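# Notes for the structure review
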Amino acid sequence: MPKSIVIEPERVFARETIRFAEIPVNAYNRTIEEELASYTPAGLLDIWRDLCAIREFETILNEVKTKGAAKGVAYNHAGPAHLSIGQEAAAVGMAFSLGPEDHIFGSHRSHGEILAKGFSAIRKLSDAELLEIMESYRDGAILKPLESSAVGSAQDLALRFFVYGAYGEIFARETGFNRGLGGSMHAFFAPFGIYPNNAIVGGSGSIAPGAALFKRVNRKPGIVVANIGDASFGCGPVWEGITFSAMDQYRKLWDESLGGGLPIIFNCMNNFYGMGGQPLGETMGVEFIARVGAGVNPEQMHAERVNGYDPLPVIDAFRRKKQVLIEGRGPVLLDTVTYRISGHSPSDASSYRSKEEIESWQKADSIQAFRAKLVESRIVTGSELDAARAAVESAVFEMFRLSIDLEASPRVGPGSELVGSVMFSNRRVEKFDDRAPEFLQDPAANARVEQIRGKIRTQSHEGKPVPKMKAYNVRDGIFEAMLHRFSIDPTMIAFGEENRDWGGAFAVYRGLTEALPYHRLFNAPISEAAIAGAAVGYALEGGRVVAELMYADFMGRAGDEIFNQLAKWQAMSAGTLVMPVVLRISIGAKYGAQHSQDWTALVHHIPGLKVVYPVTPYDAKGLMNAALAGADPVIFLESQKVYDFGEMFVESGVPEGYYEIEIGEPSVKRKGEDLTIVTLGPALYTAIAAAEEMARYGLSAEVIDLRSATPLNYAPLAESVRKTGKVLLVSDAVERGSVLHTVSTNLTGLCFDDLDGPPVVIGSRNWITPAAELESLFFPQPAWLVDAVHERIRPLAGYTPSTRQTLDEMERRAREGV
Ligand SMILES: Cc1ncc(C[n+]2csc(CCOP(=O)(O)OP(=O)(O)O)c2C)c(N)n1
Ligand SMILES: [Mg+2]
């Protein structure tokens, strides 16, 4: 389908000047008297209480970390505590006007933001809602220890509950929000709109846009705030998250009823420091972070710098900017100026800044300044403020004490399998919402569907090979599985580079453009980090997503998002959040060193990812169906070598109807008695060719395709090895560090007594992938397999090897590192 926006030479070459609008800096100038129209005295007292509670919460942590005791109560906290003492006004201002439906994401330094957002949500929820949340969240595990000390209103109880859960999370207690599996830098509590905070600087910059996308696509209320530091604006994924959020298509191409631009505020908590590096004047070239917005879109992201050392200008800014987002004019950039009085962490001696600088900010301390403002305006008296402060401080301290009490607030014991039990949910979710899925046409009438209907679902028909154009192939399998789930789960979306009009990378999505509206299938910018990150954010909100990376080699660009985000959040949430993401990654060939690498080992190595690699149409459809019926992150590897292969192993062909293949189940592709060949990826076909060659020398090889790297059921492999006593393992990944070395080690352990000799692993050479014409030097060839068997497993009578697969050659390669 051609683009609706036509590019015309006359227009693009017309003489013009790009004009920038002014970006407000500290424009707020209302007096407290003027503000009285927008606040009740009780509201102002709430702000005061929140500021004091956060200060107290972190002062206790600081004392624990630096002195081993707080107010005479000794405690040793082994983990981190990145404090934000000094930044409370920015946090409270950010959270004050947000509702529970507004979701925040943050950074390693987010205790203040979490508390502020929690307190704000507590004030907006009814008593009944609060009780329901406290009683149902993890079956009341956080509430239970508080019940004996419960006094006062539901709001009072909720405040204690929340502070207690936060401390528990920091101290790795069962009674923490997420059973201590997140910890200080990652604490969150979704029922109050607090989403994951991230120890990776700028990590939330690419994830939060996915949460905002979820709100748009699924027409959910509320906005999303990405609280990130000033130094994080040097991180690529933050820029990618910003451009992903600022795409024109939301307003120009998507259905208007969805609401327009992404409802997201990138809120820079600008404290002028990284750890010791100084963005202003040293590590960056923008004097004002707000200036970044000028380059992004004509609206300049509605960027603005605000005084975050006073809660009122921040509240004012958030109220105005929320309105901008509600009107569909997002994204927004706020440069919220604040200062971290505390060190980066308690061991930081602040050697990189002068005492005078710190003292000048202490003198201007937002808490004292806010108190003076309130007292001066006679809204409340000093003693009322002091009484409120004392009460909230006492509640915070009481919760600290309870949270370190091992009896009330235990940790999981030795030998616990808790972490293992939450790595994967292994849940089955047909759909994440009950509304009707949106389509542009009846899928049955789709041209691709009709074309597939005319195909032959096996590779050979009536004894003759089916011509490529007529054979149902791997791409068709993926397409059918995706269309099936698209028509069941209304939350399911797919995006990536060239996903729409192009027909998807390697034509897998051909036909989908005609079937699906923009918001269910769209082109992303060339931003792999944002593609993977937004998928994570979308899923954390409870939506199903298929994101795509065009080549495995591009995983490097999305390394953090795949390895630290996609893989981690289910477990760090102790199973309270889901991650229904299928990340399709295509593995290339013929395109040389940076487009033809099999990096299965990288994703296999990272705990928390399911990894599948089907190479037949039957397996591709069955495994994609299984991946899309689950709620765990699945790395779905595909091989460009086999996209147009027909089905040659399932005689009856690829079923037209729905079926699933369990992830982790290997498949015997060829029966044999004398040797087990284990394959992963397109080396299956190399192994089949080798097995046929070996048969000519009287050796009968069984070929088993793993199909999955994680999880993996060893039982069928062990069964085969016990029968044959011999194993060869082969894949297209470079030999060093290949997944198959792990499989080989485990099989050796499982079948040691039945093995005639050590298993042999064959991979590609430990080189760059050379040009297409030279690939036979690099990728395993059938002869390599036969030679390896002859040299190292069982000599084949009358056979003469043509390549070097001996042990001394293996040693030479290892010695030389190639
Ligand atoms: C990707 C990454 N690089 C480096 C670090 C180490 N580190 C932790 S905090 C920090 C400084 C972050 O500064 P900023 O984004 O301004 O946030 P702030 O600490 O000031 O709140 C650094 C370099 C990290 N956690 N993640
Ligand atoms: Mg900073």
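Our structure's up above, just so we're on the same page.
I will try to describe carefully the structure that is included in this document.

The next subject is the nonpolar core. Of all hydrophobic cores here, the largest spans 244 residues; its most connected members are Phe162, Leu213, Phe244, Phe400 and Phe495. For this core, the element with the most residues is helix H3 (residues 41-67), which contributes twelve residues. If we skip the residues at most four places from it in the chain, Phe400 touches Ile60, Val64, Ala70, Val73, Tyr75, Tyr167 and Phe171.

This next bit is on the site of ligand 1. Residues in close proximity to ligand 1 total 14 residues, the closest being His108, Arg109, Asp230, Ala231 and Asn271. In this structure, an oxygen atom belonging to ligand 1 sits 2.7 Å away from a side-chain N or O atom of Arg109. Across the complex, the protein chains shield 71% of the 580 Å² of accessible surface that ligand 1 would expose by itself. For the shell around ligand 1, the class distribution of residues is six nonpolar, six polar and two charged.

The next point concerns the packing of H3 against helix H14 (residues 366-376). At their nearest, the axes of H3 and H14 sit 11 Å apart, and the two run at 155° to each other. Taken together, the axes of H3 and H14 are roughly antiparallel relative to one another. Helix-helix and strand crossings are classified by hand; for H3 and H14 the assignment is left-handed. Contacts between H3 and H14 involve Leu44, Ile47, Trp48, Leu51, Cys52 and Arg55 on the former and, on the latter, Ile367, Phe370, Arg371 and Leu374. Taken together, the residues of the contact of H3 with H14 sort by class into eight nonpolar, no polar and two charged.

Below, the discussion takes up helix H26 (residues 715-724). Count 3.6 residues to each turn of an α-helix, and residues three or four apart come out pointing the same way. Taken residue by residue, H26 has Leu717, Ala718, Ser720, Val721 and Thr724 as its buried positions. When H26 is viewed along its axis, its buried side chains cluster within an angular range of 165° and face the same direction. In the core, the buried residues of H26 are packed alongside strand S18 (675-680), strand S19 (701-705), strand S21 (727-734) and helix H27 (739-751). Gly725 sits one or two positions beyond H26 and adopts a positive phi of about 75°.

What follows deals with the packing of aromatic side chains. Counted according to the given criterion, the structure contains 36 aromatic pairs. For the ring pair Phe105 and Tyr195, a centre distance of 5.5 Å and an interplane angle of 35° mean the geometry is tilted. Here Phe105, found in strand S3 (residues 103-107), pairs with Tyr195, found in strand S4 (residues 194-198); they are 90 residues apart in sequence, far enough to count as distant. Of the two residues, Phe105 and Tyr195, both sit in the buried class. Both rings, one in Tyr551 and one in Phe554, keep their centres 5.4 Å apart while their planes meet at 50°; by these two values the pair is tilted. Phe554 carries the same exposure label as Tyr551, and that label is buried. Every member of this aromatic cluster is reached through a ring pair, and the members are Phe119, Tyr137, Phe161, Phe162, Phe177, Phe189 and Phe192. Cation over ring: Lys71 sits above Phe397, and NZ or CZ is 5.0 Å from the ring centre.

Take the pairing of S21 next. Buried residues dominate S21, accounting for seven of its eight residues. Note on the crossover from S21 through H27 to strand S22 (residues 760-764): the handedness is right-handed.

Residue placement: Leu540 occurs in helix H20 (residues 528-540). Looking at Leu540, the relative accessible area reads 4%, which means it is buried. In the structure, Leu540 is positioned 186 residues away from Ser354 in sequence and 42 Å away in space, judged by C-alpha atoms. Contact partners of Leu540, with chain neighbours within four places excluded, come to Phe105, Tyr195, Pro196, Ile207, Trp569, Leu577, Val578 and Met579.

What counts as what
Residues numbered from 1 in each chain as written. Chains lettered and ligands numbered in written order. Predicted model: local features only at pLDDT ≥ 70, side-chain atom pairs only at ≥ 80, totals over all residues. Heavy atoms only, no water. Core = buried A, V, L, I, M, F, W, Y, C linked by side-chain atoms within 4.5 Å. Buried < 20%, exposed > 50% of the residue type's maximum accessible area, 1.4 Å probe, protein only. Helix = DSSP H or I, 4+ residues; strand = E, 2+ residues; numbered from the N terminus. Contact = heavy atoms within 4.5 Å. Near = heavy atom within 4 Å. Polar contact = N/O pair within 3.5 Å; in protein donor to acceptor, adjacent residues only side chain to side chain. Areas by Shrake-Rupley, 256 points an atom, 1.4 Å probe, with all protein chains shown as cover. Nonpolar A, V, L, I, M, F, W, Y, C, P; charged D, E, K, R; others polar. Axes fitted to C-alpha atoms, helices over the stretch in contact; angles between N-to-C directions. Parallel < 35°, antiparallel > 145°, perpendicular 65-115°, else oblique. Left-handed = near helix turned anticlockwise from the far one by under 90°. Arc of directions from axis to C-beta. Phe/Tyr/Trp six-rings, centres within 6.5 Å; stacked < 30°, edge-to-face > 60°. Lys NZ or Arg CZ within 6 Å of the ring centre and 35° of its normal. Right-handed = clockwise from strand over helix to strand, strands pointing away.

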